[in-house]
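In case you want the letters, here they are:
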Amino acid sequence: MKKNPARNVHLKKGPSKLLEEINSSIETDHRLYREDIQGSIAHTKMLANKKIISKNEGNAIVKGLNKILKKIETGKVSFKKELEDIHMNIESLLFKEIGITAGKLHTARSRNDQVVTDFKLWIKNNSKSLDKNIQQLQKNLINVSKKHLNTVLPGYTHLQIAQPISLAHHCLAYVEMFGRDRTRLNDCVNRLNENPLGSAALAGTSFPIDRNLTSKLLGFKKPTVNALDSVSDRDFAVEFIFVLSLLSLHLSRMAEEIIFWANSQFNFIDLPDDLATGSSIMPQKKNPDGAELVRGQSSLIIGNLSSLLIILKGLPLAYSKDLQEDKKLVFKSYDTVILSLKVMNELWLKIKFNSKNMLEAVNKSNATASDLADWIVQELDLSFREAYLLTGKIIAYANNNNKKLKDLSLTELKTFNRNISNSAKKVLSSVESIKNKTSFGGTSPQSVKKTIQYAIKKYL
Ligand code: ARG
């Protein structure tokens with residue numbers, strides 16, 4: 001059979017070059033070749049099992065599909081734009097491989113259920129390596145945490161120094177965020193784990209197919225319930241890009257911190273030379289391009305999420321060609337996130353921390369003022385509001401005298417309340433402040449150690 005067997009003989013003319021240009025999706029959906037062949041093999045086995053095609057025909061089709069898979073994987077196939085998409089390309093290759101029997105493959109299915117099956121399989125398969133990359137980042141962060149239980153870092157609110165925390169406490173905040181990303185990914189995959197194959201174009205089919213069998217062969221939990229919904233549903237793709245968006249948003253927030261930590265006015269970290277760039281004009285510059293691009297590219301993913309939502313919002317049931325755009329958005333978002341994760345993983349392996357500068361930044365601030373207020377509550381039996389007020393007065397005094405809270409003498413402190421004793425001075429040290437935050441989830445080394453143990457058990 002020389003001509004395309006799926007050609008539309010009822011149309012007087014074939015598609016124009018212009019239509020081909022806008023209609024062809026092979027440049028994008030060639031990435032589905034493995035899932036497409038996997039889906040076709042399961043479909044064929046089911047057709048033979050149900051005697052819709054003969055055993056011999058089934059065997060010939062499966063053999064042919066496996067040969068095509070090998071040929072694609074060894075670079076022996078070039079896909080054709082004029083064959084529109086991956087489904088038509090593979091069907092045409094099958095005709096070349098086994099002849100006319102190839103025509104039996106498309107019995108009791110449509111490209112509508114085929115594409116959504118392939119797409120779900122692709123997300124399922126690729127979510128594994130996505131999860132691995134996120135887990136690796138958690139691992140790198142936990143490793144940094146283990147070494148920095150006692151490294152003092154300014155904790156910020158409003159990007160103003162708020163209270164001292166440990167670097168470990170900071171890293172573990174991200175471990176939790178990425179932990180939520182992983183559970184969201186898992187939820188998304190669990191929800192999409194229903195097999196649309198056999199829904200055919202939209203109405204189901206008159207052939208006696210067995211959708212439970214194809215579900216089993218493809219590793220889906222069960223078949224989808226409504227054929228019309230199955231072929232028009234892209235909720236799973238929206239959810240997947242949402243998972244990627246939120247993940248990339250977390251990466252972007254982390255990137256932002258790395259960027260200002262590396263700023264010479266902070267100088268909290270030294271970036272690895274191979275993950276920074278120089279300037280074409282200023283010979284002294286070391287720019288945090290890697291982190292900046294992680295921050296910048298998250299916008300693309302968030303944009304893709306709204307693109308897909310906008311594609312879907314006006315679509316009637318069931319399939320419309322607008323849906324073909326979904327794969328571009330998912331693939332690009334996925335690739336971008338994987339690259340960002342790799343960059344972040346590399347950064348966390350190589351960043352050098354300048355703990356002296358972090359401590360100095362805390363010491364230059366009055367970050368332990370709330371520790372003094374807490375001490376007053378605990379030792380002088382005042383209410384927190386009274387203690388807060390008293391501490392505020394002490395801060396005002398220190399500011400007026402160009403001093404820091406921790407540098408005030410006991411005599412000076414006693415002028416505000418004669419019962420203030422030497423132990424109040426102790427809580428003004430940032431190291432003590434961190435040590436004292438022993439509440440569950442707090443920054444004390446003792447609490448953080450527990451959090452690390454919990455994180456290792458839960459995530460690694
Ligand atoms: N290439 C198409 C897509 O990605 C496959 C489905 C085509 N279905 C159709 N009725 N034209 O959406």
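The structure presented is a predicted model; accordingly, all values stated were derived computationally and were not measured. (Residues numbered from 1 in each chain as written. Predicted model: local features only at pLDDT ≥ 70, side-chain atom pairs only at ≥ 80, totals over all residues. Heavy atoms only, no water.)

Peer 1: Quick question: what am I supposed to make of the overall build of the protein chain here?
Peer 2: When you go through the protein chain residue by residue, the secondary structure sums to 19 helices and six strands. On C-alpha atoms alone, the protein chain measures out to a radius of gyration of 31 Å, which is more than a quarter above the 23 Å that the 2.2 N^0.38 rule sets for 460 residues. Projected onto its principal axes, the C-alpha positions of the protein chain cover 100 × 55 × 40 Å. Relative to its 460 residues, the protein chain shows a buried fraction of 50%. A sequence separation of at least 24 residues applies to 75% of the contacts in the protein chain between residues at least 6 apart. Roughly 23,500 Å² of accessible area belongs to the protein chain as shown, and the carbon and sulfur atoms make up 53% of that amount. (Helix = DSSP H or I, 4+ residues; strand = E, 2+ residues; numbered from the N terminus. Rg over C-alpha atoms; globule rule 2.2 N^0.38 Å. Buried < 20%, exposed > 50% of the residue type's maximum accessible area, 1.4 Å probe, protein only. Contact = heavy atoms within 4.5 Å. Areas by Shrake-Rupley, 256 points an atom, 1.4 Å probe, with all protein chains shown as cover.)

Peer 1: Is there a simple way to think about the environment of Lys 67 in this case?
Peer 2: Along the chain, Lys 67 turns up in helix H4 (residues 55-73). Given a relative accessible area of 46%, Lys 67 falls into the partly exposed group.

Peer 1: How do you make sense of the packing of helix H6 (residues 111-147) against helix H7 (residues 167-192) when you look at a structure like this?
Peer 2: Pairs of packed helices are described in terms of their axes, by the angle between the two and the distance that separates them. Axis separation between H6 and H7 bottoms out at 9 Å; the angle between their running directions is 165 degrees. The angle between H6 and H7 falls in the class roughly antiparallel. The interaxial crossing formed by H6 with H7 has left-handed handedness. A class-by-class count of the residues in the contact of H6 with H7 yields 17 nonpolar, five polar and four charged. (Axes fitted to C-alpha atoms, helices over the stretch in contact; angles between N-to-C directions. Parallel < 35°, antiparallel > 145°, perpendicular 65-115°, else oblique. Left-handed = near helix turned anticlockwise from the far one by under 90°. Nonpolar A, V, L, I, M, F, W, Y, C, P; charged D, E, K, R; others polar.)

Peer 1: Is there a simple way to explain the pattern of salt bridges in this structure?
Peer 2: Once their charged atoms are close, side chains differing in charge can pair, the charge on each being opposite to the other. On inspection of all chains with the given rule, the structure shows 24 salt bridges. In this structure, Lys 437 and Asp 371 form a salt bridge, with 2.7 Å as the shortest nitrogen-oxygen distance. Of this pair, Lys 437 sits in the loop between helix H18 (430-436) and helix H19 (445-459) while Asp 371 sits in helix H14 (residues 369-380), and the two are 66 residues apart along the sequence. Residue classification places Asp 371 among the buried residues on the basis of a relative accessible area of 6%. (Salt bridge = Lys/Arg side-chain N within 4 Å of Asp/Glu carboxyl O.)

Peer 1: When you look at the nonpolar core in this model, what are you seeing that I'm missing?
Peer 2: Nonpolar side chains tend to gather and get buried jointly when the protein is soluble and globular. Grouped together as the largest cluster of nonpolar side chains are 93 residues, with contacts concentrated most on Leu 130, Phe 240, Ile 258, Met 344 and Trp 348. The leading source of residues in this core is helix H10 (residues 235-262), at 15 residues. If we ignore the near neighbours within four places in the chain, the residues touching Leu 130 are Leu 185, Phe 240, Leu 244, Leu 247, Tyr 334, Val 337, Ile 338 and Leu 341. By size, the runner-up hydrophobic cluster in this structure holds 18 residues, among which are Ala 369, Ala 387, Leu 405 and Ala 424. (Core = buried A, V, L, I, M, F, W, Y, C linked by side-chain atoms within 4.5 Å.)

Peer 1: Any chance you could explain the pairing of strand S2 (residues 160-166) here in plain terms?
Peer 2: Taken residue by residue, a regular strand's side chains alternate between the two faces of the sheet. As paired elements, strand S1 (residues 152-157) and S2 share six bridges and run antiparallel to each other. Looking at the pairing, Leu 153 lines up with Ile 165 of S2. In this antiparallel pair of consecutive strands, S1 and S2, the connection spans two residues, and His 158 shows a positive phi of 55 degrees. (Pairing = 2+ DSSP bridges.)

Peer 1: It is not clear to me how a nonpolar patch on the surface should be interpreted in this structure. Could you clarify?
Peer 2: On the surface, a nonpolar cluster with roughly 320 Å² of combined accessible area is contributed by Phe 384, Tyr 388 and Leu 389. The topology assignment puts Tyr 388 in helix H15 (residues 384-400). (Patch = residues over 30% accessible without salt bridge, like charges linked within 9 Å, V, L, I, M, F, W, Y side chains within 5 Å.)

Peer 1: Which parts of the structure should I look at to understand the site of the ligand?
Peer 2: All residues in the neighbourhood of the ligand are listed as Ser 25, Asp 29, Asp 85, His 87, Arg 111, Asn 112, Val 115, Tyr 319, Gln 324 and Lys 327. A distance of 2.7 Å separates a nitrogen atom of the ligand from a polar side-chain atom of Gln 324. Take Lys 327: an N or O atom from its side chain is 2.8 Å from an oxygen atom of the ligand. For the ligand, whose accessible area on its own is 340 Å², the fraction buried by protein is 86%. Element by element, the count of residues in the shell around the ligand is highest for H6, at three residues. Of the residues belonging to the shell around the ligand, the class tally is two nonpolar, four polar and four charged. (Near = heavy atom within 4 Å. Polar contact = N/O pair within 3.5 Å; in protein donor to acceptor, adjacent residues only side chain to side chain.)

Peer 1: Explain the packing of aromatic side chains to me, please; I cannot follow it from the model alone.
Peer 2: Taken as a whole and judged by the stated rule, the model has 14 aromatic pairs. On the basis of an interplanar angle of 85 degrees and a centroid distance of 6.1 Å, the ring pair of Tyr 156 and Phe 260 is categorised as edge-to-face. Taken together, the positions of Tyr 156 in strand S1 and Phe 260 in helix H10 put the pair 104 residues apart, joining distant regions of the chain. Residue Tyr 156 is classed as partly exposed on the basis of its relative accessible area of 24%. Classification of Phe 260 by relative accessible area gives buried; the value is 13%. With a centroid separation of 4.9 Å and 45 degrees between ring planes, the pair formed by Phe 260 and Phe 266 is classed as tilted. Under the relative-accessibility criterion, Phe 266 is labelled partly exposed at 25%. In this structure, Lys 124 is placed above the aromatic ring of Phe 220, and the distance from its NZ or CZ to the ring centre is 4.8 Å. The ring centre of Phe 119 lies 5.4 Å from the NZ or CZ of Lys 327, which sits over that ring. (Phe/Tyr/Trp six-rings, centres within 6.5 Å; stacked < 30°, edge-to-face > 60°. Lys NZ or Arg CZ within 6 Å of the ring centre and 35° of its normal.)

No statement about biological role is implied by the geometric values presented.
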